[in-house]
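Tertiary structure, described
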Amino acid sequence: MTSVANQFAAGETPRIQLESGPRFIDSFCMGVGKLFDARASDLTIQTDDYIWAYLNRRWVAVTTQRLEHTQVEALVTHFCGPAGVATLASGKPLDPDVEILPEPGNPRKVVRAR
């Protein structure tokens, strides 16, 4: 099995495979871990759009489906709390500092992002 960095170097963009239901947040976190292993430097998340990552000096869609409002709200609530949802509702952008555990149950691997 090749590493994510090797896959990206070979021209394959890492993808976030989002699961529905209670595993949605975990699937997002695992996908983000792969993106940061491939040297992604930024993510953009919006309702009715794909998740975009800045990889190798270009923006790339890293999901195969567009996010629904409830999915974006779940991510914002998980990482920013209810105040984050209120901030977005007021029309202001979010750029939080977050810690993501890309391997559930493994507190030794943490992705810190802003």
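Right above here is the structure, for reference.
Keep in mind that what you see is a predicted model, and the values were worked out from it rather than measured. (Residues numbered from 1 in each chain as written. Predicted model: local features only at pLDDT ≥ 70, side-chain atom pairs only at ≥ 80, totals over all residues. Heavy atoms only, no water.)

**Comments concerning the overall build of the protein chain**
Note the threshold: Where helices and strands are cited, they refer to DSSP runs of H or I of at least four residues and of E of at least two residues respectively, numbered from the N terminus. Whether two residues touch is decided by their heavy atoms; if any such pair falls within 4.5 Å, the residues are in contact. The accessible surface values rely on the Shrake-Rupley method and a 1.4 Å probe; as for residues, cover is taken only from the protein chains in view.
Looking only at helices and strands, the protein chain has four helices and five strands in total. For the protein chain, the share of sequence-separated contacts (at least 6 apart) that also reach a separation of at least 24 residues comes to 32%. For the protein chain, the accessible area works out to roughly 7,300 Å², and carbon and sulfur atoms hold 50% of it.

**Side note on the layout of surface pockets**
The criterion, for reference: Every definition here rests on a 1 Å grid over the protein atoms only: cavities are sets of points where a 1.4 Å probe fits but cannot get out, pockets are open sets enclosed by protein on both sides within 12 Å along at least five of seven lines, and lining residues have some atom within 4 Å of a point. Grid points are joined across faces, edges and corners, and a volume is the space filled by probe spheres set on the points. Note that Gly is not counted as nonpolar here; it falls among the polar residues with everything else outside the nonpolar set of Ala, Val, Leu, Ile, Met, Phe, Trp, Tyr, Cys and Pro and the charged set of Asp, Glu, Lys and Arg.
Roughly 730 Å³ of volume is contained in the largest pocket. Forming the walls of the largest pocket are 28 residues, and the residues nearest its centre are Leu43, Ile45, Val76, Leu94 and Pro96. Elements with a minimum of two residues in the lining of the largest pocket: helix 2 (24-37), strand 1 (43-44), helix 3 (69-80), helix 4 (82-89) and strand 4 (98-100). Of the residues forming the lining of the largest pocket, the biggest block, seven residues, is contributed by helix 3. Tallied by class, residues from the lining of the largest pocket come to 19 nonpolar, five polar and four charged.

**Regarding helix 3**
What counts, and what does not: To estimate how far a helix should reach, multiply one less than its number of residues by 1.5 Å.
Its twelve residues give helix 3 an end-to-end C-alpha distance of 16 Å, which sits within 8% of 16 Å, the value for a rise of 1.5 Å per residue. Buried residues belonging to helix 3 abut helix 2 and helix 4. Where helix 3 terminates, the next one or two residues include Gly81, which has phi positive at roughly 80 degrees.

**Here's the deal with the sheet that holds strand 1**
What counts is decided by this rule: A pair of strands is treated as paired once DSSP finds two or more bridges between them.
What the three strands build is an open sheet, ordered 1-2-3; its pairing is antiparallel. Both outer strands of the open sheet, strand 1 and strand 3 (58-61), are each paired with one neighbouring strand and no more. Pairing analysis gives four bridges linking strand 2 (residues 52-55) to strand 3, with the strands arranged antiparallel. Across the sheet, residue Tyr54 finds its bridge partner in strand 3, namely Trp59.

**What to know about the pairing of strand 2**
Rules: Each residue's exposure class comes from its accessible area (1.4 Å probe, protein chains only) as a fraction of the maximum for that residue type: buried when under 20%, exposed when over 50%, partly exposed otherwise.
Only one face of strand 2 is covered, namely the face carrying Ala53 and Leu55; the face carrying Trp52 and Tyr54 is uncovered. Judged from the two bridges that link them, strand 1 and strand 2 form a sheet pairing that is antiparallel. Each residue of the ladder has a partner; that of Thr44, found in strand 2, is Trp52.

**Observations regarding the packing of aromatic side chains**
Here a ring pair, both rings aromatic, is described through the centre-centre distance and the interplanar angle of the planes. The condition is simple: The criterion for an aromatic pair is that two Phe, Tyr or Trp rings (for Trp, the six-membered ring) have centres within 6.5 Å, with stacked assigned to planes under 30 degrees apart, edge-to-face to planes over 60 apart and tilted to the rest.
Counted under the stated rule, the structure contains three aromatic pairs. Ring centres 6.5 Å apart and planes at 80 degrees place the aromatic pair Tyr50 and Trp52 in the edge-to-face group. You can call Trp52 partly exposed: its relative accessible area is 28%.

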